[in-house]
Structure formats: C-alpha cells, structure tokens
Amino acid sequence: MNTRWTALIELTSARIREFFREPAAIFWVYGFPLIMALSLGIAFRDRPQAKLNIDLVAPGGDAAAPAWWSTLREDPRLTLHTPAPDAWTRRLRDAKTDLVLIAPGMAGSSGSGAPSNETPSNETPSNGIAPHETSAGGPSGWQVWSEPRRADSLLAREVVENVLHRQTTAPPPDFEPRELQEAGSRYIDFLIPGLLGMNLMGGGLFGVGFVLVDMRVKKLLKRFLATPLRHGDFLLSVMLSRLLFMLPEILALLLFSRFLFGVTVRGSYGELALLVLLGGFCFAGIGLLVASRATTLETASGLMNLLMLPMYVLSGVFFSADRFPEAMQPLVRALPLTALNDALRGVMLEGESLVELSRPCLTLVLWGVLSFAVALRIFRWK
C-alpha cells in the first residue's frame, strides 16, 4: 500500500482509539444526547388533556352547594373540589387548582391574607391580590378567582362561564372576577430556587472533586499523606473551604434576583442560610466521593457530568418534577437535588421552617454524611 495512505490510516485509527479511551468524550458525544432525549421525552410526553380543577369555597362545602354547582359537576372537562376555606389561595398559587369560586361572605376566609368583600376594587391589597370590577359595573356576591399567568386558569374561567350560561335549570350567578397577583406565583419565583440548587450542586461537585483530582495528578496528595495530618481533617477542610466560597455566590444570585426581578424570600433568611450550607455540604460530600478514585481530570469530568445532567432534568430545576410519571416519583424524590430544590422553594415561596421541611433536609443529611464516610474509607492518595 502507498506509504502516504498508510500513514493517514494509522493516524486516523490512533485518533479513534484515543477517543474511545476517554470516558468524558464518550459521555458527551453519545450519552448526553440520549439522556436528555429520554428525560425530556418522558417529562413532556403526549398525554390526554388533563381536566380543569375548580374549587368551591362556601359555607357547608359541597353539601350546601348551589344548584348550578351540580351543572358544573356534570361537565366532563371539570374536576370539582371543596377545600378548607383557608387553603384556596395557596392551592391557586401552587397550581393545584385552576379556578376558585367563592360564596358571598367567604372571600376573607383565606389564611394567606386574601381580601374580604369590602376591599375596594380600585385598590391592591398588601398581599398583592388585585380585585377587578365586573362587566356589569358593580361587585356581585360571588367571586371567581383566577391566576392570569396560567393558561389553564384562564381556560377554566371561560369553560365555567360558558357552561353556566348554557344551562337552564338554575340562574347563573353574576360572578365578580378577581385575579391572584400574590408574590411567588410567577415562573421566575419558581426558577430562582432551582438555579440556587443547581449552583450548589455544581459548586460542590466541581469545587471539591476537581481540586482533589488535580492534586492527585500533580502528586500533591502524596505529600499530604507523608505528614502527620489526619486524613479526615484534610478532606473535611477541602469541603469547608468550598462552603465558604459558596455563600457569596448564593448571596449574589439572591440580590440579583431581588433587585432585577423582585423575587423575595417569604421565610427566614437564617433558615435559608442553614439550608444553603446543608445543600453545599451534601454536594461537597458527593464531589469528594466521585474524586476518591479518579486518576485523571477527564475521568472525573465524565463521572460528575454523569451525575449532574440527569438531575438537571429530573430534579425540578426548570420545570416541576411532578411532570414525571408516578412510577418514577420515588426515584426522583430520592435525588439530593430534588430534596434541595423542594426545601429551597418551601422556605422562599411558602415561608416554611426547616422543621416543616424535615424530610428533604434529612435526605440531604443522609447523602452528605454517607458520601463523606464512604469517600474517607476508599479515598486514594496516590
């Protein structure tokens, strides 16, 4: 064979062999597109049109509902609920219901600060719920509350009005339309806690894992091994130093979202800081475990991306983890990023305490402690 072609074939063959010897390259070229396609395909799979959820807030609940409530119950597009009078605001804000119908005298019953019937229609209450006049020019006894940023909420209002105006068994009520404008109901309010969690995960994995692997590659770990320093103290110092660097990063993101988008924290800032430290510790422990045996930066990168990218999709960073099938929920809820995002949203959006969020906090503690314990046992110093 011609020498020129022999050299070209050999060089091409060598490059192919080098490629398949790099786990990170294989992952990014073949694994990453498949994982993203599978995860997003499951989350946004074709599903039958979900029913619209309608809440009724009235004295006596379903048993004392007006005659037109039975008409709504017969419509196959609607699912009707009669929640506790103090729960409807939160249900509407959290998209657990699409529309709320409130009987006369019940509008001020929400424990989250909804206004009463006497709230002037041209004023916005302190909690951000903005009332509106009806098309008839005056308030009616019944109120209909929607969330204007959600298409399903607007659709539910149209469906209810059409159904009631077509029926002839009972006169339809003259609803006074109201819109929920409460803080925490926007997509940006949902997104910022997810970005905080994603930042904590990336900082823990790369900030700890890459540092240790780089030290192993440069033979620095062997020098620490020769000192009387306790191994656990050294590894723990790497994790703690990363946590200290992480706090300014999180503070910068919170300030940015506060002043640019008006994202507020409804819970305690102290508990939020503790939660940030807990999340940072958890992912620093996982980063330590990933780096405990890796001998090259390429291997460490591949392992970290293999852990991080599925959680980007599964753990509710950009959209709710509830979009995944019920059979996947135990796995999704067991992921550390899911627990961290749920806890962050609980503190920031719901004002919940860490005691109320004990389950996701316990998940983070278990991931962090077990990862650190296993890493300390199997860590490779050479």
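Residues numbered from 1 in each chain as written. Predicted model: local features only at pLDDT ≥ 70, side-chain atom pairs only at ≥ 80, totals over all residues. Heavy atoms only, no water.

Draft legend 1. Structural detail: the confidence of the model for the protein chain. When the pLDDT values of the protein chain are averaged, the result is 77; 79% of them are 70 or greater. Below a pLDDT of 50 lies the segment residues 110-139, which in the model reaches 65 contacts outside its immediate sequence neighbourhood of four places, other chains included. (pLDDT = per-residue confidence, 0-100. Contact = heavy atoms within 4.5 Å.)

Draft legend 2. Highlighting helix H5 (residues 151-166). Under the 1.5 Å per step criterion, the end-to-end length of H5 is 23 Å for 16 residues, consistent within 8% with the ideal 22 Å. Considered for burial, the residues of H5 that qualify are Ser153, Ala156, Val159, Val160, Val163 and Leu164. The buried residues of H5 occupy an angular sector of 120° when the element is viewed end-on, so they sit on one face. For H5, the exposed residues set more than 90 degrees away from the buried face come down to Ala151, His165 and Arg166. If you follow the buried residues of H5, they end up packed against strand S1 (52-57), helix H3 (67-73), strand S2 (78-81), strand S3 (99-102) and strand S5 (143-146). (Helix = DSSP H or I, 4+ residues; strand = E, 2+ residues; numbered from the N terminus. Expected span 1.5 Å × (residues − 1). Buried < 20%, exposed > 50% of the residue type's maximum accessible area, 1.4 Å probe, protein only. Arc of directions from axis to C-beta.)

Draft legend 3. Spatial organisation of the packing of aromatic side chains. One pass over the structure, following the stated rule, counts 3 aromatic pairs. Ring centres of tryptophan 88 and tryptophan 145 lie 5.1 Å apart, and the angle between their planes is 50°; this geometry places the pair in the tilted category. Here tryptophan 88, found in helix H4 (residues 88-93), pairs with tryptophan 145, found in strand S5; they are 57 residues apart in sequence, far enough to count as distant. Tryptophan 145 gets classed as buried once you look at its relative accessible area, which sits at 0%. Summarising the aromatic geometry, the rings of phenylalanine 256 and phenylalanine 261 are spaced 6.1 Å apart at their centres and angled 75° between planes, so their arrangement reads as edge-to-face. Classification of phenylalanine 256 as partly exposed rests on a relative accessible area of 47%. Given a relative accessible area of 36%, phenylalanine 261 falls into the partly exposed group. (Phe/Tyr/Trp six-rings, centres within 6.5 Å; stacked < 30°, edge-to-face > 60°.)

Draft legend 4. Seen up close, the packing of helix H9 (residues 269-290) against helix H10 (residues 297-314). Their axes nearest at 10 Å, the elements H9 and H10 cross at an angle of 140°. Here H10 runs oblique to H9, going by the angle between their axes. Remark: the crossing between H9 and H10 carries right-handed chirality. Contact residues: H9 offers Phe283, Ile286 and Val290, while H10 offers Ala300, Leu303, Met304, Leu307 and Met311. (Axes fitted to C-alpha atoms, helices over the stretch in contact; angles between N-to-C directions. Parallel < 35°, antiparallel > 145°, perpendicular 65-115°, else oblique. Left-handed = near helix turned anticlockwise from the far one by under 90°.)

Draft legend 5. Up close: the pattern of salt bridges. By the definition in use, this model includes 6 salt bridges. Across the pair aspartate 75 and arginine 77 runs a salt bridge, and its minimum N-O distance is 2.9 Å. Residue aspartate 75 is classed as buried on the basis of its relative accessible area, which comes to 11%. The partner of arginine 178 in a salt bridge is glutamate 176, and the shortest N-O contact between them spans 2.8 Å. One exposure class covers both arginine 178 and glutamate 176, and it is buried. (Salt bridge = Lys/Arg side-chain N within 4 Å of Asp/Glu carboxyl O.)

Draft legend 6. Summary view of the environment of aspartate 98. Of note, aspartate 98 is situated in the loop between H4 and S3. On the basis of relative accessible area, aspartate 98 is assigned to the buried category, the value being 7%. Aspartate 98 sits 53 residues away from alanine 151 along the chain, and the two C-alpha atoms are 9.1 Å apart. Apart from residues no more than four positions distant in its own chain, aspartate 98 is found in contact with Lys51, Leu52, Asn53, Leu92, Trp145, Ser146, Arg150, Asp152, Ser153 and Ala156. Within the local environment of aspartate 98, its side chain forms a polar contact with the backbone nitrogen of asparagine 53, the two atoms lying 2.8 Å apart. (Polar contact = N/O pair within 3.5 Å; in protein donor to acceptor, adjacent residues only side chain to side chain.)

Draft legend 7. Up close: the packing of H9 against helix H13 (residues 358-378). Relative orientation of the contacting elements H9 and H13 amounts to 30°, with a least axis distance of 8 Å. In terms of orientation, H9 lies roughly parallel with respect to H13. Crossing geometry of H9 relative to H13 is assigned as left-handed. Residues Leu275, Leu278, Gly279, Phe281, Cys282, Gly285, Ile286, Leu288 and Leu289 of H9 lie in contact with H13, whose contacting residues are Cys361, Leu364, Val365, Trp367, Gly368, Val369, Ser371, Phe372, Val374, Ala375 and Ile378.

Draft legend 8. Structural view of the side chain of serine 371. Relative to the assigned elements, serine 371 resides in helix H13. Side-chain polar atoms of serine 371 contact the backbone oxygen of tryptophan 367, separated by 2.6 Å.

Draft legend 9. Representation of the pairing of S2. Here S2 shows a buried face lined by Leu78 and Leu80 and an unburied face lined by Thr79 and His81. Where S1 lies against S2, 4 bridges are found, and the strand directions are parallel. Each bridged residue has a counterpart across the sheet, and for isoleucine 54 the counterpart in S2 is leucine 80. (Pairing = 2+ DSSP bridges.)

Draft legend 10. Looking closely at helix H6 (residues 187-217). Taking 1.5 Å of rise per residue, the 31 residues of H6 would be expected to cover 45 Å, and the 43 Å separating its terminal C-alpha atoms lies within 8% of that figure. In the segment just after H6, lysine 219 is the residue with positive phi, at about 65°.

Draft legend 11. The arrangement of the environment of leucine 229 in detail. Looking at the secondary structure, you find leucine 229 in the loop between helix H7 (220-225) and helix H8 (231-261). Non-local contacts of leucine 229, meaning those with residues more than four positions away in its chain, are made with Phe224 and Phe234.

Draft legend 12. Fine view of the nonpolar core. In this structure, Leu212, Phe234, Leu235, Leu275, Leu288 and Met348 are the most contacted members of the largest nonpolar core, which totals 60 residues. Broken down by secondary-structure element, the contributors of at least two residues to this core are H6, H8, H9, H10, helix H12 (336-350) and H13. If one sorts the elements of this core by residue count, H6 sits on top with 11 residues. Excluding its chain neighbours within four sequence positions, the residues that come into contact with leucine 235 are Leu212, Leu288, Phe372, Leu376, Phe379 and Trp381. Core analysis: the second largest hydrophobic core is formed by 20 residues, Leu52, Ala58, Trp69 and Leu78 among them. (Core = buried A, V, L, I, M, F, W, Y, C linked by side-chain atoms within 4.5 Å.)

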